[in-house]
Amino acid sequence: MKESTVVRCADGHVFSAASFPMQQAERLGPGRLVRCPRCARLRSVVPVTLQKR
């Protein structure tokens, strides 16, 4: 079963990605190119860190 990751695109849209490739690759940085479902474009996305309120 694949784990989904909550991500934010460069335009600020937040969505979950079924796969977030190479998430552990430190030398490449946290950003990846994923198609955003809101703007339907290939965007640079970063994982969203959950904050306690």
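See the structure above.
Residues numbered from 1 in each chain as written. Predicted model: local features only at pLDDT ≥ 70, side-chain atom pairs only at ≥ 80, totals over all residues. Heavy atoms only, no water.

(A) Summary view of the pattern of salt bridges. A complete count under the given rule lists 1 salt bridge for this structure. Where Asp11 meets Arg43, a salt bridge forms, and the shortest distance between an N and an O atom there is 3.0 Å. Placement of Asp11 in the loop between β1 (5-9) and β2 (14-17) and of Arg43 in strand β4 (residues 42-47) is noted, with a sequence separation of 32 residues between them. By relative accessible area, Asp11 is classed as partly exposed at 45%. (Salt bridge = Lys/Arg side-chain N within 4 Å of Asp/Glu carboxyl O. Helix = DSSP H or I, 4+ residues; strand = E, 2+ residues; numbered from the N terminus. Buried < 20%, exposed > 50% of the residue type's maximum accessible area, 1.4 Å probe, protein only.)

(B) Expanded view of the sheet that holds strand β3 (residues 32-35). Here 4 strands make up an open sheet; going across it, the order is β2-β1-β4-β3 and the pairing antiparallel. If you trace the sheet from one side to the other, it starts and ends with β2 and β3, each paired once. For this sheet, the mean inter-axis angle between neighbouring strands, taken without regard to orientation, is 55°. The sheet contact formed by β1 and β4 spans 3 bridges and is antiparallel. Bridge assignment links Cys9 to a residue of β4, and that residue is Val45. (Pairing = 2+ DSSP bridges. Axes fitted to C-alpha atoms, helices over the stretch in contact; angles between N-to-C directions.)

(C) Representation of the nonpolar core. Listed in full, the 7 residues of the largest apolar core are Val7, Cys9, Phe15, Ala17, Val34, Cys36 and Val45. Residue contacts for Cys9: discarding those within four places in its chain leaves Phe15, Cys36, Arg43, Ser44 and Val45. (Core = buried A, V, L, I, M, F, W, Y, C linked by side-chain atoms within 4.5 Å. Contact = heavy atoms within 4.5 Å.)

(D) Broad picture of unusual backbone geometry. Residue Ala40 is not a glycine yet carries a positive backbone phi of 55°. Within the element layout of this structure, Ala40 appears in the loop between β3 and β4.

(E) Representation of the pairing of β4 within the structure. Sheet topology places β3 next to β4; 4 bridges connect them, and they run antiparallel. Bridge assignment links Val34 to a residue of β4, and that residue is Arg43. The hairpin formed by β3 and β4 contains 6 residues between the paired strands, and Ala40 there has a positive phi angle of roughly 55°.

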